[in-house]
Amino acid sequence: MLQTENLNLELSVEDFVAFRDFIHEKSGIFFAENKKYLVENRLSKRMTTLGLKSFRDYFYQVKYDTSLKEFNMLMNLVTTNETSFYRNPPQLACFQQEVLPLIIEQKKQAGHGKRLKIWSAGCSTGEEPYTLGMILLEVLGERNDWNIEIIANDISENVLYSARTAAYSEMSLRTTPLHIVNKYFTREGEKYCVTDNVKRLVKYSHLNLADRRKMALMTDMDFVFCRNVMIYFSDDIKKQIVKGYYNSLRPGGYLYIGHAESLHGISKAFKLVYFKNGLVYFKETGAAAETDTPETTAAPVAVAVGAKSAFAAVASSAAQSARDVSGTSAATLDKLRKIQELLASTRK
Ligand SMILES: C[S@@+](CC[C@H](N)C(=O)[O-])C[C@H]1O[C@@H](n2cnc3c(N)ncnc32)[C@H](O)[C@@H]1O
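What you are looking at is a predicted structure, and each value in this text was computed from that prediction instead of being measured.

As for the site of the ligand
Right, on to step 1. Close contacts around the ligand come from 25 residues, with Thr79, Thr83, Gly122, Ser124 and Ile155 the closest.
Right, on to step 2. Each residue belonging to the shell around the ligand can be placed in one class, and the counts come to 9 nonpolar, 11 polar and 5 charged.
Right, on to step 3. There are two domains that each give the shell around the ligand at least three residues, and those are domain 1 (13–78) and domain 2 (89–282).

Topic: the pairing of strand β9 (residues 271–274)
Right, on to step 1. Along β9, the buried face is formed by Lys271 and Val273; none of Leu272 and Tyr274, which line the opposite face, is buried.
Right, on to step 2. For β9 and strand β10 (residues 279–282), the ladder comprises 4 bridges, and the chain directions are antiparallel. Pairing of Leu272 across the sheet is with Tyr281, part of β10.
Right, on to step 3. Where β9 hands over to β10, the hairpin turn is made up of 4 residues, counted between the paired strands.

Comments concerning the sheet that holds strand β3 (residues 167–168)
The strands making up a sheet associate through hydrogen bonds between their backbones, and the pairing can be parallel or antiparallel.
Right, on to step 1. The 3 strands lie next to each other as β3-β5-β4, forming an open sheet whose pairing is antiparallel. The open sheet has two free edges, formed respectively by β3 and β4 (185–188), since each of these has just one partner strand.
Right, on to step 2. In this sheet, strand β5 (residues 191–194) lies alongside β3 in antiparallel orientation, the contact comprising 2 bridges. Its bridge partner lying in β5, Ala167 is registered against Cys193.

Concerning the confidence of the model for the chain
Right, on to step 1. Predicted confidence across the chain gives a mean pLDDT of 85, with 81% of residues reaching 70 or more.
Right, on to step 2. Contacts for the low-pLDDT stretch residues 293–348, under 50 throughout, to residues beyond four places or in other chains number 73 contacts.

A few points about the sheet that holds β10
Right, on to step 1. Taken together, the 7 strands give an open sheet; going across it, the order is β6-β2-β1-β7-β8-β10-β9, and neighbouring strands pair in mixed fashion. The open sheet has two edge strands with one neighbour each: β6 (202–206) and β9. Each strand axis lies, on average, 25° off the axis of its neighbour in the sheet, ignoring direction.
Right, on to step 2. Note that strand β8 (residues 249–257) and β10 share 2 bridges and pair antiparallel. Residue pairing in the sheet places Tyr254 in a bridge with Phe282 of β10.
Right, on to step 3. Contacting β2 (147–154) and β6, helix α7 (residues 157–165) crosses the sheet at an angle of about 160° to β6.

Quick look at the packing of helix α1 (residues 13–27) against helix α3 (residues 55–64)
Right, on to step 1. At a closest axis distance of 10 Å, the pairing of α1 and α3 adopts a crossing angle of 20°. The orientation of α1 relative to α3 falls into the category roughly parallel. With respect to the hand of their crossing, α1 and α3 are arranged in left-handed fashion. Residue-level inspection shows Asp15, Ala18, Phe19 and Phe22 of α1 in contact with α3, the latter providing Phe55, Arg56, Phe59 and Lys63.
Right, on to step 2. In terms of residue class, the contact of α1 with α3 is made up of 5 nonpolar, no polar and 3 charged.

Here's the deal with the nonpolar core
Right, on to step 1. Core analysis: the biggest nonpolar cluster contains 74 residues, and Val224, Leu255 and Val280 have the highest contact counts within it.
Right, on to step 2. The leading source of residues in this core is helix α6 (residues 127–140), at 6 residues.
Right, on to step 3. Domain assignment of the residues forming this core places at least three in each of domain 1 (13–78) and domain 2 (89–282).
Right, on to step 4. Setting aside anything within four residues of it in sequence, one finds Leu255 in contact with Val224, Tyr245, Leu249, Phe270 and Tyr281.

Criteria and thresholds
- Residues numbered from 1 in each chain as written.
- Predicted model: local features only at pLDDT ≥ 70, side-chain atom pairs only at ≥ 80, totals over all residues.
- Near = placed C-beta within 6 Å.
- Nonpolar A, V, L, I, M, F, W, Y, C, P; charged D, E, K, R; others polar.
- Domains from an automatic or database assignment.
- Buried ≥ 20, exposed ≤ 12 C-beta atoms within 10 Å, placed from the backbone.
- Helix = DSSP H or I, 4+ residues; strand = E, 2+ residues; numbered from the N terminus.
- Pairing = 2+ DSSP bridges.
- pLDDT = per-residue confidence, 0-100.
- Contact = placed C-beta atoms within 7 Å.
- Axes fitted to C-alpha atoms, helices over the stretch in contact; angles between N-to-C directions.
- Parallel < 35°, antiparallel > 145°, perpendicular 65-115°, else oblique.
- Left-handed = near helix turned anticlockwise from the far one by under 90°.
- Core = buried A, V, L, I, M, F, W, Y, C linked by C-beta atoms within 7 Å.

Right, here's the structure in full:
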């Protein structure tokens, strides 16, 4: 029989270590010792529901449940799902006003087809991928002829369910510009529902970022957004996952991590590009796949600072210093300069 009263269960250090190591191995999420109370609190609620009186019993239930039902439940409990629409506006302004227009222009010039593939990794309840969808419609127009794919996933089934439902409280829109609220949401009672033209751009699926095999299936991305996810991981898992992002991006693609996060000591494969509104990690054109060689702790090389666009910055930096700080070839710089000129002429 299910119980509803709280049993005041206490998590021993030994059981905490068993859960901590299991959760870390399976998901990459790491709980330091000062988070023992948090694990105890979140797990004991579930144990009360199951009528279990010992953390050891619950541990074995999770570990040996071949259906993964209880493991998925555990993931719902131990993940932190805080998010909102238009979270960290400067970073999104960087995407909307600087990086996305460059990629669009590059694709038009290259004539490789009007296709954009974006990955929101650790998407929580959907605010991030829907925000990206809204930005794409703002930039390309609602009646564009682009093939847009926003792939969004998370380890928690609960948040994916909410994401697909796409109905939000006012709180989720706290940093969303009013004209965006009016354009891309409809009201249903207290809820703000995402409009169909945005919803249809986003495909949700369950994915554990610690699963190398599944990560390897994510390919040819123009952008990866993994904001405020890796802060919960150990450095070893961060290194593995960032390598996965690198390989999932096409050369010339960009990685956005949380504005307070850094790849320092995690990866030196990306180039850190300074845009006017923020920093973005760049996978250089012509870059090869990352292999399993050990990482060094060297900081990523900054490409260029504070010019009107990153491409202008790359070009002027190279001209001034007469050395190629980014490793970008003269021919590539020349191409970038041409794109920059073209962009300037389209703005006139
Ligand atoms: C704090 S939210 C960030 C949401 C969104 N990216 C943002 O910045 O607003 C972190 C999300 O990462 C997910 N997550 C944690 N570990 C994961 C893993 N191993 N695989 C996939 N998602 C994971 C959590 O379930 C949670 O929804």
